[in-house]
Amino acid sequence: MKINTTKLNDFFQSPIEISGKTYFLNNVLENETLEVSINKEKRTIKIDKIINASKYRIKPKCDIYETCGGCKLLHVEYNHQLYLKTEMVKRLFKENNIKATVLDTLGMDNPTEYRNKNQVVFGYNNQRKVVSGFYEENTHKIVNFTTCYLQDKVSDKIVNTIKDLMMKMRIMPYDEDKQKGLIRHVMVKRSKLLNETMVIIVTSSDVFPGRNNFLKALLASNKEITTVIQNINSRKTTQVLGDKEIVLFGKGYINDCLCDKKFKISSKSFYQINPIQTKVLYQKALDNAHLSKTDVLLDAYSGVGTIGIIASDKVSKVISVELEKQAVNDAIINAKLNNIKNIHFYNDDATRFINNLVNKKEKIDVVVMDPPRKGSTESFLKAVLKLKPKKIIYISCDPHTQVVDLKSLVNDYNITYVQPVDMFPHTQHVENIVVLNHKHYI
Ligand code: SAH
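Residues numbered from 1 in each chain as written. Predicted model: local features only at pLDDT ≥ 70, side-chain atom pairs only at ≥ 80, totals over all residues. Heavy atoms only, no water.

**Considering the site of the ligand**
Put simply, the rule is: When we say a residue is near a molecule or strand, we mean one of its heavy atoms is within 4 Å of it. Whenever two N or O atoms come within 3.5 Å, that pair is a polar contact, provided that in protein one can donate a hydrogen and the other can accept it, and provided that, for residues adjacent in sequence, both atoms are side-chain atoms. All accessibility values rest on the Shrake-Rupley procedure with a 1.4 Å probe; residue burial counts only the protein chains present in the view. Three residue categories are used. Nonpolar comprises Ala, Val, Leu, Ile, Met, Phe, Trp, Tyr, Cys and Pro, charged comprises Asp, Glu, Lys and Arg, and polar comprises the others, including Gly.
Close to the ligand lie 16 residues, the nearest being Tyr282, Glu322, Asp349, Ala350 and Asp370. In this structure, Thr306 approaches the ligand through a side-chain N or O atom, which is 3.3 Å from an oxygen atom. Between the ligand and Leu323 there is a distance of 3.2 Å, counted from a nitrogen atom to a backbone nitrogen or oxygen. Notes on the ligand: free accessible area 570 Å², of which the protein chains cover 87%. Among the residues making up the shell around the ligand, the classes are represented as seven nonpolar, four polar and five charged.

**A word on the pairing of strand β19 (residues 391-396)**
For clarity, the threshold we go by: Burial here depends on accessible area, computed with a 1.4 Å probe over protein chains only, as a share of the maximum for the residue type. Under 20% is buried, over 50% is exposed, and the range in between is partly exposed. In DSSP terms, a helix is any run of H or I states spanning at least four residues, a strand is any run of E spanning at least two, and both are numbered starting from the N terminus. By this definition, two strands are paired if DSSP reports at least two bridges between them. When the strands point away from the viewer, a crossover counts as right-handed if the route from the first strand across the helix to the second turns clockwise.
Of all six residues that make up β19, six are buried, and the element is covered over most of its length. Side-chain alternation along β19 places Lys391, Ile393 and Ile395 on one buried face and Ile392, Tyr394 and Ser396 on a second face that is also buried. Where strand β18 (residues 366-369) and β19 come together, four bridges link them in parallel fashion. Paired with Met369 across the strands is Tyr394, a residue of β19. Of the crossover connections in this fold, the one passing from β18 over helix α9 (residues 378-387) to the parallel β19 is right-handed. Sheet topology note: the β19/strand β21 (residues 431-438) ladder contains six bridges and is antiparallel. Bridging across to β21, Tyr394 finds its partner in Val434.

**Structural notes on the packing of helix α3 (residues 153-168) against helix α4 (residues 211-221)**
In a packed pair of helices, the relevant descriptors are the angle between the two axes and the axis-to-axis distance. The condition is simple: Simply put, an axis is a line fit to the C-alpha atoms, just over the touching stretch for a helix, and the angle between two N-to-C directions goes from 0 to 180 degrees. The handedness criterion is simple: a crossing whose near helix is rotated anticlockwise from the far helix by less than a right angle is left-handed, and one whose near helix is rotated clockwise is right-handed. Contact definition: two residues touch when any of their heavy atoms are within 4.5 Å.
Close contact between α3 and α4 brings their axes to 10 Å; oriented N to C, the two are set at 145 degrees. Crossing geometry of α3 relative to α4 is assigned as right-handed. Facing Lys157, Ile158, Thr161, Ile162 and Leu165 of α3, the residues of α4 in contact are Phe214, Ala217, Leu218 and Ser221.

**A few points about helix α7 (residues 325-337)**
So the rule is basically this: For a helix, the expected span equals 1.5 Å multiplied by the residue count minus one.
With 13 residues, α7 should cover 18 Å at 1.5 Å per step; its first-to-last C-alpha distance of 18 Å lies within 8% of that length. Buried positions along α7 lie against β14 (261-265), α6 (306-311), β16 (317-322) and β17 (343-347).

**Some details on the domain arrangement of the chain**
The line we're drawing: Domain borders in the structure are assigned automatically or taken from a domain database. Here the buried area means the combined drop in accessible surface, using a 1.4 Å probe, for two parts upon being joined, counting both sides.
Here the chain is described as being made up of domain 1 (2-57), domain 2 (83-109 + 274-441) and domain 3 (117-258). Between domain 2 and domain 3, the C-alpha centre-to-centre distance is 33 Å. In this complex, domain 2 contributes 11 residues to the contact, which on the side of domain 3 involves five residues. Counting each side, the surface lost to burial between domain 2 and domain 3 is near 460 Å², with a carbon and sulfur contribution of 75%. It is Pro275, Ile310 and His426 that lose the most area in domain 2 upon contact with domain 3, and together they represent 49% of the buried surface on that side.

**Description of the side chain of Ser320**
Mapping Ser320 onto the fold places it in strand β16. In this structure Ser320 comes out as buried when scored by relative accessible area, which is 1%. Those residues in contact with Ser320 that lie beyond four places of it in its chain are Asp299, Ser302, Ile343, His344, Phe345 and Tyr346.

**Brief notes about the nonpolar core**
Heads up, the rule is: Buried Ala, Val, Leu, Ile, Met, Phe, Trp, Tyr and Cys residues form a nonpolar core when they are joined through side-chain atoms within 4.5 Å.
Phe122, Ile162, Ile183, Val186, Ile201, Phe214 and Ile393 are the most contacted members of the largest nonpolar core, which totals 82 residues. Two domains each donate at least three residues to this core, and these are domain 2 (83-109 + 274-441) and domain 3 (117-258). Every residue in contact with Ile201, bar those within four places of it in the chain, is listed here: Ile183, His185, Val186, Phe208, Phe214, Leu218, Val228, Ile229, Gln230 and Asn231. Core analysis: the second largest hydrophobic core is formed by 51 residues, Leu8, Tyr23, Phe380 and Leu406 among them.

Here it is in structure tokens:
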């Protein structure tokens, strides 16, 4: 069947109407003519042939692009990806009746191998060979890969060594359905700048036959590794990491350097995955908030304390709140590493914490909020309005939830800056900075 693609939606899909049903077509651009086949039962649509391609279409530099689904925009010329992301943010603001000037998305000079964290799942293929990769979209089928366009090459090499060793040493990947086998996932976190690399091997049990030989061989062929952790996750869960950890080699964490500050990163703490763009993100956010030396700043959803620590020189005091205990422990060490004394960390739910600040009538001049993808809570936003900070810096990895949250703030605040930053080139995601100024303080 021959079709023409329409305007792309927020997930960069083209909705196609066929006999009263809507199908969402991935891997296309606007105004393309395609030959497609429809599977009415499964409600799926597949491209058979591109008849008339967009001028922005390029050949994806990855063999598993279509099955993996991680990079939704690898078929789009990079500058046009940035344009599409800007348009998406603009549209979201417009649809939610929020008036603001959205600046052009800031992209990368070299948008490849940018990830500092690599996480893969292990299994067998039909020939009973060990494979590792990501789950195919909406399935439990592993898309095997040996190299990924977004990953650091050192991480790829380490994962490939582990795959080879598992075959040689007959170490079984874990099978979730049968609940059999040992290795579930491997996570590699890396600081390119300091050349420190952490390998986390997630196993279903703490019994790891041949562990010492495995470790020796892994380290011998990957000199970049500075620490190895065995994480034990025996539960039937989609969560990757379990609670128990054994440090098999090195100090059990890595350090990284960001905006001239040093950071400790553990297995579980959140740390931005694109270090080059994180620097752009934090600098743009802080510069455009025009902080003053007398400001008290609240850094909510603070992770390992990065934003607060980087802002600490520019304000009088920072209060940081984060839910994950390991991240808070790292944040406290990070402040010490950088000899910063005007920062305080709290391990709490951000909503509960900010409501306590309101009850205590605490004076906060600037609120930085960087919540997870699902956004903040109504109660958090109400508390912000009561705290009445002069400025709010809202950093978000999902502008869809961010605009919904912004609706609660725009009666009292003017939006002065909206800057999307391309933290995740070739994927459908974009990070967005919004700075708001209180109407009464202008
Ligand atoms: N600002 C940090 C982290 C942002 S990611 C940075 O730029 O690196 C979001 C963080 O919010 C994660 O560290 C997550 O653990 C934390 N988080 C999630 N839910 C939370 C909650 N209810 N209260 C406080 N922190 C939360």
